[in-house]
Structure formats: structure tokens, C-alpha cells
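What follows is each chain in one-letter form.
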Amino acid sequence: MGRLIMARVKKLTPIMCNTLGPDDVRIAEALLASPDAWDDPAPVREAENWLAAWLGLDQAFGFMGGRAALYAIARALNLSQGDEVIVPGLTCQVVVNAFEYNGATCVHADIEEETFNMDSRQLAAKLTPRTRAVLLQHTFGVPARDTRAIVALARKHNITIIEDVAHGLGGRLQGRKLGTFGDVSFFSTERTKMINTIHGGFAATSDPAIRKGLADIQNQSPFPPTEKIRDILTTLLFCYYTKVHPDRVSRFDWAMKKYGHSLIAQMTDLEFKGLFEPMYGCRMSGPIGTLALNQLQKFEPFIPLRQAAARKWETWARGRGYGTSHPGPDAYCTWLRFPVIVPEPLKADTTWIEDELGMEPGVWFQSPCHPQERVIPGIPTGWKIARTVINLPTGLWVE
Ligand SMILES: Cc1ncc(COP(=O)(O)O)c(C=O)c1O
């Protein structure tokens, strides 16, 4: 495994998919050659069992995205018209879609400035008799500062805690794994996350009623169409050769010619418009399960590398007087990306970062329901952070 070398940062392409390796390439190529076996659920069961055992939860369920797992959770909880779900004042449209596709209303509770996660006092202020669930999100892989208070409030008011671990697979709070604080949790294997199968996700729970609901929903859900799986596998090969491979820069044109015909997007037009995207209703198919298991079995040693990158970026940010996130001493962060708070004009135009570091920063979250420009009142901190936060990659490795 490579070392992070800040002195050479200008010469590096950030590695977005740093858990992808030649082993995944071999698996993807073999899968592409055997489409007849794609509807075999056995590899998904293996990945689900691995994740559930690792979390110490009763069962995990594979779907075609973190957003699809969340959609299934919302259905398992029977969330519908008239129900409210409290989400953080900084989240993604794909999260909001998963609830709204079921008819539920998302109410944003403002965030705190230390970890950019939900502030428990703001949650308390947004509770109504219609509140059915709260989304406990660990943004950028920094465990929510108020996790314990949010759990206590939810218990007191008898509302379900859905833990969003899309950024935090492998993270811990007071020694306890993220994903074990909620009544049900979900994880992402999307290409920008801690592990990468391009699209994919899991729901996990030990709650008997939610478990039964998820099992029924998964059983009734179709596998995605064969073309979609083929495109996902092709996109994974493209990502490996253009983001991870030692010759990724010189191989770009070759990879584009070979795989560029069927690359898939992170979000579809339907999702952008808030219209139903069929992938939300799909269970995980065999190839995604095979790749997810391979990734799950090897991802943990990448976390200290991300933490080392985060320490370097922190020094860099502090040296320039920029703000950062401030996890508590009991937090083990995964640092999916490293957030930096900059003056508003420096977020509006990030060419200065490209000039200084030779890389494009991430600009999410651009709004509290990223990337949608939605008018959401009552969350001043969420808006302030959305206008000023950029994020830097934590997978900058040279071989
Ligand atoms: C905070 C958060 N939750 C959930 C998701 C959804 O995960 P996925 O991309 O696997 O659908 C994302 C990613 O888009 C996210 O950033």
C-alpha cells in the first residue's frame, strides 16, 4: 500500500476509489463474462452475513444503493403521507427522495458547527405529534457529536432512529461501531464512499419488526436489469483505470475508448427532479454482492490512511486560518472526505485550490438538500456551512 506524500501532492490525481484494486478488476471481468449467474442471490447473502456479523446485528439486506436501502427502510416502517421524518440541516437529495417517494415529509433540524451533524436541541425543537423517525447522519465520516442525546430524545418520544452510515463505515463512537446506534442503519457502496461497487447499499437491524419488513420488501423487489449491471461493472473498470491504477493519467484516453460507452451517472435526471427512479426499488444483484464482500473484507486498513491524510489537511487548513470539523476525543472518524470551511467567495470559485494543490476539491454540500436548490427555512447553520464548506480527498496515495 502506498504512502501519502504531501510534497508530491501537486503531481497526484486524487484517488476517489482507493479500495479498488486489481483483485476487484479480476472479479468484475469474470462477472462480465458470465451474465447467466447474475441473478444468483448467494453472493449477496454472503456479503449481508459478513456485514451483520461484523456489526453484531441480526441481519443485513442488500439493495441497489444506500438510497435504495433507505427507501426500503421507509417502506418497512410504513412511512407515508402525514408522517414527518427529521433529517439534518445538511443532507442529500437522494436521502430526502427516499422518504418523499413514500409520501413522508422531511423536516430539517439545524446542525451544530463542530461536526456538521444534527444538533439535538434543534431536533427537540422540530418534534411534533407527526414525527415518526429521525435520521442520524455522520457527515464526512465524523460521528455525530450529539449521537447519545439524539438517541435519548428519540427513545423518550418513541420515534425510530434511522442511522445513516453512508460516510461512516468503520467509524466508531466511544468504541462502538457506527451503524449500531439506530433501530436500523444503512450503508453505501457507491463509488465515492468507504467501499466501492459503483452503486449498492445495505440496511441492517436487530429489530424484529423492521427485520421482517425488510425481508419481505427485499423478497418482493426485482433485480436491476442486466444492462444496468453490465454498465456498473464497466464503470467500475473505468474508475479503476482512471482513478487508482499507477498509470491512471496516461491511461485515461485508452480507458475512455474502452469503457466510456456505458458509464453510469451518480444521480439520474429523474432523481434530480424528485421523480421516482426505479433503482430505488431494486434488491442487490449477485455481482454487486460479490464485489461488496471483497471490498468489505479489505476496507479497514484504509481508514488509518484516511486519518493520516485528514491530519495533513488539518495542518494545511489551520495554517491558512480556515475552519475544520472538530470531532470529540471519543470519536474514531473515517474521514470519507476532509471538510474545510473557507470564506464564501473561495467556495464560489475553487480554481485557487486547483492552482495550489493541483486537484479539484469537492463542493458538496452546496445546499441543505444537496444538490437541489430548495428553500428550507429555519436552518441558518446548515445554510452557512453549505455556502462555505469544501472537502478534500483523503485517498491520496502513491504506489
Ligand atoms: C449522507 C448520505 N446519505 C446517503 C447517501 C446515499 O448513498 P448512495 O449513494 O449509496 O445511494 C449519500 C450519498 O449520496 C450521502 O451522502
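Residues numbered from 1 in each chain as written. Predicted model: local features only at pLDDT ≥ 70, side-chain atom pairs only at ≥ 80, totals over all residues. Heavy atoms only, no water.

**Focus on the site of the ligand**
At step 1: Neighbouring the ligand are 15 residues; G66, R67, D164, H167 and S188 lie closest to it.
At step 2: At 3.4 Å from an oxygen atom of the ligand is found a side-chain nitrogen or oxygen belonging to K193.
At step 3: For the ligand, whose unbound accessible area comes to 390 Å², protein coverage reaches 94%.
At step 4: Counting only elements with at least two residues in the shell around the ligand, the list comes to α3 (66-76), α4 (93-100) and β9 (184-188). (Near = heavy atom within 4 Å. Polar contact = N/O pair within 3.5 Å; in protein donor to acceptor, adjacent residues only side chain to side chain. Areas by Shrake-Rupley, 256 points an atom, 1.4 Å probe, with all protein chains shown as cover. Helix = DSSP H or I, 4+ residues; strand = E, 2+ residues; numbered from the N terminus.)

**Considerations on helix α15 (residues 380-388)**
At step 1: Taken as a whole, α15 has its buried residues at T381, G382, I385, A386 and T388.
At step 2: Packing partners of the buried residues in α15 comprise β13 (337-341), α13 (344-348) and β15 (389-393). (Buried < 20%, exposed > 50% of the residue type's maximum accessible area, 1.4 Å probe, protein only. Contact = heavy atoms within 4.5 Å.)

**Structural notes on the packing of aromatic side chains**
At step 1: In total, this model carries 21 aromatic pairs according to the counting rule given.
At step 2: With a centroid separation of 5.7 Å and an interplanar angle of 70 degrees, the aromatic rings of W54 and F299 are classed as edge-to-face. Taken together, the residues span a long stretch of sequence, with W54 in helix α2 (residues 42-55) and F299 in the loop between α11 (286-296) and α12 (302-319) at a distance of 245 residues. In this pair, the class of W54 matches that of F299, namely buried.
At step 3: Both rings, one in F238 and one in F252, keep their centres 5.9 Å apart while their planes meet at 70 degrees; by these two values the pair is edge-to-face. (Phe/Tyr/Trp six-rings, centres within 6.5 Å; stacked < 30°, edge-to-face > 60°.)

**A word on the sheet that holds strand β8 (residues 176-177)**
Two orientations exist for strands paired in a sheet by backbone hydrogen bonds: parallel and antiparallel.
At step 1: The strand order across the open sheet built from three strands is β8-β7-β12, with neighbouring strands paired in antiparallel fashion. Edge positions in the open sheet fall to β8 and β12 (331-332), since each of these has one partner strand only.
At step 2: Pairing geometry for strand β7 (residues 172-173) and β12, over two bridges, is antiparallel. What sits directly across from R172, in β12, is Y332. (Pairing = 2+ DSSP bridges.)

**Some details on the pattern of salt bridges**
At step 1: Going through the model one piece at a time under the given rule, you end up with 19 salt bridges.
At step 2: The partner of D231 in a salt bridge is R230, with the nearest N and O atoms 3.2 Å apart.
At step 3: One connected set of salt bridges, linked through shared partners, spans D23, D24 and K298. (Salt bridge = Lys/Arg side-chain N within 4 Å of Asp/Glu carboxyl O.)

**A short note on the pairing of strand β1 (residues 59-63)**
One face of the sheet, then the other: side chains in a regular strand alternate in exactly this way.
At step 1: Where burial is concerned, most of β1 is hidden: four out of the five residues are buried.
At step 2: As paired strands, β1 and strand β10 (residues 201-205) are joined by five bridges and run antiparallel to one another. The partner of G62 across the bridge, within β10, is F202.

Taken by themselves, the reported measurements are silent on function.
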